[in-house]
Amino acid sequence: MNQTDSSCPNFQARLETASVLVHRAIDAVRQKRIQKRNLIWLELTGCSGNIISLLDGANPDFKSLASQMVNFIYDNSLMAAEGEAAMDQLFRLTGGDYILAVEGAVSTKNDGLYNIIGRRKDRPVTAYEAIKKFGEQASCVIAVGTCASDGGISAARPNPAECVGIQNLLKRKVIKLPGCPCHPDWFMGTLAYVMLFGEPELDDRQRPLMFYSTLIHDICPRRPYFDQGIFASKPGEKTCMFKLGCRGPVTRVDCPIRKWNERVNWPIGDDSPCIGCAMFGFPDKMEPFISYDTT
Amino acid sequence: MNDRDRINDNLNEMSDTIDCLYTTANSCVRNKLLNHLRRNVSNLSMLVQGLQIGESTNSSQISTGRLFTPDELAGYNGKNGNPAYVAVNGIVYDVSNVAAWGGATHFGLAAGADVTSQFASCHAGQPILGKLKMVGKMKE
């Protein structure tokens, strides 16, 4: 009951979405039908989990993205340059054309001094300053992960650094890819779509419908157990985890189809409830992550 | 527009979407159309449930429902054998098996409480209450 139905054409088509888009974008770049765009990836107030997740991408993988699809100009975890040389690489794009991907929320307390992403000309560059400067000028802004999209764990109670999602600080549309972390397919597919066709179709919270259109509950392989009222009483059981507080019924994303770690598994497939990491309000509004003795 | 009109609208949309699916070879467009279909199915499921519950509640449920004080309601928190009830606008609903109330909690709210203001701030105008099972009223 944990296996996704591999014969379903809907699931098959969705599994290929990111791969089709990325390969089409790479072909278009190679044939010079579209421009190879500059990509800046800012790691702000977060755990850097989204860039690590991106490295885990498979068909499409990160290497194809960075070498054939975009000019990956700046990411503090991956670039060779360091210190002021790295910051110069970032600031050299000021006024130029680039797509901005942002992970992490933005600390706003004391003018952002709780998160300094580098130093330039002997003065600190805060996450707050960076998002204001590069966010307003970018041709497209993609919030990667829950913290950038909505504050996420960085903005969880009591939120001592007064973190907010990047939309709070930008007077422009931000495409949001919530998830803790963001699945590599969600980012790469969205980026490829932006390069090929412009803005993808978004829902009323600016999430791309191609990845965020269905509730986990609606495509969960354990849905028949819910419908029959057969519920797990503790993690590890193979039935529906609704009574344990599963957030699949309120979380809108395609994890059951796409799965994680090269499509090997996902939380419910490993007998653990969904904690709603891709839903706005995570983590505070998704707690408690587990409940026992529920009737 | 009543629920029966909405059902007809959804069915017409589904018919059009299926026609489009026959003619498209583009996988992105196909995905969008399939998403449309899924949304229609979800809408229909909600509307049908609403009609069924409407029929059952019209008969007797609310008139025979019991009266709750806030303290009594607090006991119905979905734990240790108690069902999960919440009150909205003076009516008490059973959310024990409502999917969005996993573990008898919902977006930071716990069952056993009056959630009128939270409901109004998040779900105003949405056809949700009609689908819930009514179990009684709050005492004035």
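Bear in mind the structure is a predicted one, so any value in this text is a computation, not a measurement.

Overview of the overall build of chain B
- Each helix and strand counted, chain B has four helices and seven strands in total.
- Along chain B, helices and strands appear, N-terminal first, in the series α-α-β-α-β-β-β-β-β-α-β.
- By element, 54% of the accessible surface of chain B is carried by carbon and sulfur atoms, the whole surface being about 7800 Å².

Quick notes on the sheet that holds strand 3 (residues 99-103) of chain A
Residue and element names in this part refer to chain A.
- The strand order across the open sheet formed by five strands is 2-1-3-7-9, and the pairing between neighbours is parallel. Each end of this open sheet is capped by a strand with a single partner; those strands are strand 2 (70-74) and strand 9 (175-177). Across the sheet, the mean angle from the axis of one strand to that of its neighbour is 25°, orientation sign disregarded.
- Pairing of strand 7 (residues 140-144) with strand 9, which is carried by three bridges, proceeds in the parallel orientation. Bridged to Ala143 within strand 9 is Lys176.
- Packed on one face of the sheet, helix 5 (residues 127-137) meets strand 1 (37-43), strand 3 and strand 7 and runs near 150° to strand 3.

Some thoughts on the nonpolar core
All names here are of chain A.
- The biggest cluster of nonpolar side chains holds 51 residues, and the ones touching the most others in it are Leu65, Met69, Phe187 and Leu191.
- With nine residues, helix 7 (residues 184-197) is the largest single contributor of residues to this core.
- No fewer than three residues from each of domain 1 (9-211) and domain 2 (216-286) sit in this core.
- Each residue touching Leu191, except ones within four places of it in the same chain, is listed here: Leu39, Leu65, Met69, Val70, Ile99 and Ile142.

Some points on the domain arrangement of chain A
Residues and elements named next belong to chain A.
- Here the domain parsing of chain A yields domain 1 (9-211) and domain 2 (216-286).
- Between the C-alpha centres of domain 1 and domain 2 there is a distance of 27 Å.
- Together domain 1 and domain 2 conceal approximately 2200 Å² of surface at their shared face, both sides included; 59% is due to carbon and sulfur atoms.
- At the junction of domain 1 and domain 2, the tally comes to two salt bridges.
- The residue Arg263 makes a salt bridge to Asp185 at a minimum N-O spacing of 2.8 Å.
- The interface formed by domain 1 and domain 2 contains 11 residue pairs in polar contact (both at pLDDT 80 or more).
- Those elements giving two or more residues to the side of domain 1 that touches domain 2 turn out to be helix 1 (9-30), helix 6 (146-150), helix 7 and helix 8 (209-212).

Things to note about the pattern of salt bridges
Residue and element names in this part refer to chain A.
- All chains considered together, the criterion is met by 16 salt bridges over all chains.
- Note that Asp218 is salt-bridged to Arg223, the shortest N-O span being 3.3 Å.
- The salt bridge partner of Asp254 is Arg258, with a shortest N-O separation of 2.7 Å. When sorted by exposure, Asp254 lands in the same class as Arg258, which is buried.
- Through salt bridges with shared partners, a single ionic network connects Asp185, Asp254, Arg258 and Arg263.

Remarks on the packing of aromatic side chains
- Scanning the model with the defined rule gives 14 aromatic pairs over all chains in all.
- Arranged with centres 5.3 Å apart and planes meeting at 80°, the rings of Phe91 of chain A and Phe134 of chain A form a pair that is edge-to-face. Here Phe91 of chain A, found in helix 4 (residues 83-91), pairs with Phe134 of chain A, found in helix 5; they are 43 residues apart in sequence, far enough to count as distant. Accessibility classification places Phe91 of chain A together with Phe134 of chain A in one group, the buried group.
- Relative to Phe242 of chain A, the ring of Phe226 of chain A lies with its centre 5.3 Å away and its plane at 90°, an arrangement referred to as edge-to-face. Here Phe226 of chain A is found in helix 9 (residues 223-228), whereas its partner Phe242 of chain A is found in the loop between helix 9 and helix 10 (255-258), with 16 residues between them in sequence.
- Judged by relative accessible area, which is 1%, Phe242 of chain A ranks as buried.
- Residue placement shows Arg66 of chain B over the ring face of Phe68 of chain B; its charged tip is 4.2 Å from the ring centre.

So, how was this worked out
Residues numbered from 1 in each chain as written. Chains lettered and ligands numbered in written order. Predicted model: local features only at pLDDT ≥ 70, side-chain atom pairs only at ≥ 80, totals over all residues. Heavy atoms only, no water. Helix = DSSP H or I, 4+ residues; strand = E, 2+ residues; numbered from the N terminus. Areas by Shrake-Rupley, 256 points an atom, 1.4 Å probe, with all protein chains shown as cover. Pairing = 2+ DSSP bridges. Axes fitted to C-alpha atoms, helices over the stretch in contact; angles between N-to-C directions. Contact = heavy atoms within 4.5 Å. Core = buried A, V, L, I, M, F, W, Y, C linked by side-chain atoms within 4.5 Å. Buried < 20%, exposed > 50% of the residue type's maximum accessible area, 1.4 Å probe, protein only. Domains from an automatic or database assignment. Buried area = accessible area lost by both parts, 1.4 Å probe. Salt bridge = Lys/Arg side-chain N within 4 Å of Asp/Glu carboxyl O. Polar contact = N/O pair within 3.5 Å; in protein donor to acceptor, adjacent residues only side chain to side chain. Phe/Tyr/Trp six-rings, centres within 6.5 Å; stacked < 30°, edge-to-face > 60°. Lys NZ or Arg CZ within 6 Å of the ring centre and 35° of its normal.

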